[in-house]
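# A look at the structure
The chain contents come next:
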Amino acid sequence: MAALATVAKKVWSARRLLVLLFTPLALLPVVFALPSKEGRCLFVILLMAVYWCTEALPLSVTALLPIILFPFLGILPSSKVCPQYFLDTNFLFLSGLIMASAIEEWNLHRRIALKVLMLVGVQPAWLILGMMVTTSFLSMWLSNTASTAMMLPIASAILKSLFGQKEARKDLSSESEENAAATQTNGLHTVPTEMQFLASTEDKDCPEEVEAPCSKKEEEYHRNIWKGFLISIPYSASIGGTATLTGTPPNLILLGQLKSFFPQCDVVNFGSWFIFAFPLMLLFLLLGWLWISFLGWKKKKSEIRADAEERARAVIREEFQNLGPIKFAEQAVFILFCMFAILLFSRDPKFIPGWASFFTPGFLSDAVTGVAIVTILFFFPSQRPSLKWWFDFKAPNTETKPLLTWKKAQDTVPWNIILLLGGGFAMAKGCEESGLSALISKQLHPLENMSPMLAVLFITAVIAFFTEFASNTATIIIFLPVLSELAIRLRVHPLYLMIPGTIGCSYAFMLPVSTPPNSIAFASGHLLVKDMVRAGFLMNLMGVLLLNLAINTWAQTIFQLGTFPDWARNHTASVATLQPTLANNTFRTL
């Protein structure tokens, strides 16, 4: 038994290498089971899907495999594969990441968060609402991970002021072992440095007060409030990211794959997406807040002493005052951020003519708008310009620092996400050019009799479950080509299936490994896996039902989902003409 255990440990230690080596061998029959070009393309897609789900290679490295495999296997020439990594959709996302870097550089996000918390008060339910609203708003523009990592230290400091240090350490003897084991097993990271620093400085500056003894019910209530606070932040980050096209990578992958599969489709842009997704986000946040605050943690009637409330207010006030008076750079970044959002929203909102109508039709995209605004960040001064400087010969002749330096952008922008997006677009292009999309369409024939509403419900449930165990970006890259072909088979608007699939893959609430925000909250040491499963199951259920409500109500008007559009008919016609050609090519090969 000891030898068997040792072998098992060695296999587990080398699991990534084993997956890397044996997956291509296991998938090799796919190449021979299908027509040549389609089989080779499906082989590459399945290989990438396994690598993404198991992380045998880093996600961004797996995304580069089409550059190697598509040309070698005769699927696509490199001249068609490589441009997929720098489509205008990638530049729209890049502009959002650069704007987020400028916001973080000048602590504008922290000022906004603390100001909101000062307004909502310190009662636990209202604080949770304030945390959720602030995190979701930040997550619309920043990455979900950055929003969570910034808000958790603030929540931790407020909770310690409300309940003292005792509650922070309560039950850690039993919970820490389980969390440590889960953290080690799942490969999660520890709490962000900012949180550790904030907690340690608070411990030094604020000596622990002598607390009055609490009953067991009171202690349980306090622990549940801790859990409610910590779990609400990653949940609201995931929800908030769905509200804008740049909020999370799956939204942009939808936009890119739409342009690949349906080049004539111009229905989805920043404005139309925001009009659809923002009300859905607000509705989900409201129901999520009610669940976490009042239902999920079995809140008891309990009075928090006035001195504890005052300490919590003091913590928020002190953190806000530590930021100092608002700087010129913060004002400039805020104005540019507002211009960024307004210009993207108003370029072509569909329900009224946008400002892009004053220019040559088809020449301007959201990427042009985003890059134009963020370019200003690299030369606009971070200090207020003064005419006196030009006439004061004694003034120091130092170069003014811009709002954002390129070195800072290089260090803070997650460039790996750009490659991940490109990998998804390259996969979509390979499916289209190889005829795999047509083959998938043919295999989906038995589903033609399924009700579209039932199909949407089934799809969102399956994707929400699948994304609990896999990256949301990898999930949507795998599912979108299938959803587009299924929509053609069902003769429904492709967006009727593709939009719920895209948003559904962001609804991963049940497991620590589902998303990086969940991992960060879990690594704080106050949450158990069963806590996340208990709260996340109902969140997943609510998300699926709300998504189906949205796609069958107001989305019908925004995206004209009640019709089968001409650009989808054109795609159907091209697939129909492609199938005989593929059959002839296959016959010649045989």
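Refer to the preceding data block for the structure.
What follows concerns the pattern of salt bridges. Side chains that differ in sign of charge can pair as their charged atoms come close. This model, assessed by the stated rule, comprises 12 salt bridges. In this structure, Asp88 and Lys259 form a salt bridge, with 3.0 Å as the shortest nitrogen-oxygen distance. Residue Asp88 is located in helix H7 (residues 88–105), and its partner Lys259 is located in helix H14 (residues 249–261); the two are separated by 171 residues in the primary sequence. The class for Asp88 is partly exposed, based on a relative accessible area of 30%. Given the relative accessible area of 35%, Lys259 is considered partly exposed.

In the structure shown here, the tally under the stated rule is 3 cavities of 30 Å³ or more. By volume, the second largest cavity amounts to about 50 Å³.

Once that is clear, we can look at H14. Taking 1.5 Å per residue as the helical rise, H14 with its 13 residues ought to reach 18 Å, and the 18 Å between its terminal C-alpha atoms agrees with that figure. Among the residues of H14, those classed as buried are Pro249, Pro250, Asn251, Leu252, Ile253, Leu254, Leu255, Gly256, Gln257, Leu258, Ser260 and Phe261.

A contiguous nonpolar surface patch, about 650 Å² in accessible area, is contributed by Val7, Val11, Leu17, Leu18, Leu21, Phe22 and Leu25. Broken down by element, the nonpolar patch gets its largest block of residues, 5 residues, from helix H2 (residues 15–33). Following the sequence through the fold, Leu17 ends up in helix H2.

This part takes up unusual backbone geometry. For Asn107, which is not glycine, the phi dihedral falls at a positive 60 degrees. Topologically, Asn107 is positioned in the loop between H7 and helix H8 (108–120). You can call Asn107 partly exposed: its relative accessible area is 34%. One non-glycine residue, Gln560, lies in positive phi territory at about 50 degrees.

Parameters at a glance
Residues numbered from 1 in each chain as written. Predicted model: local features only at pLDDT ≥ 70, side-chain atom pairs only at ≥ 80, totals over all residues. Heavy atoms only, no water. Salt bridge = Lys/Arg side-chain N within 4 Å of Asp/Glu carboxyl O. Helix = DSSP H or I, 4+ residues; strand = E, 2+ residues; numbered from the N terminus. Buried < 20%, exposed > 50% of the residue type's maximum accessible area, 1.4 Å probe, protein only. 1 Å grid on protein atoms, 1.4 Å probe; cavity = no way out; pocket = protein on both sides within 12 Å on 5 of 7 lines; lining within 4 Å. Points joined across faces, edges and corners; volume = space filled by probe spheres on them. Expected span 1.5 Å × (residues − 1). Patch = residues over 30% accessible without salt bridge, like charges linked within 9 Å, V, L, I, M, F, W, Y side chains within 5 Å. Areas by Shrake-Rupley, 256 points an atom, 1.4 Å probe, with all protein chains shown as cover.

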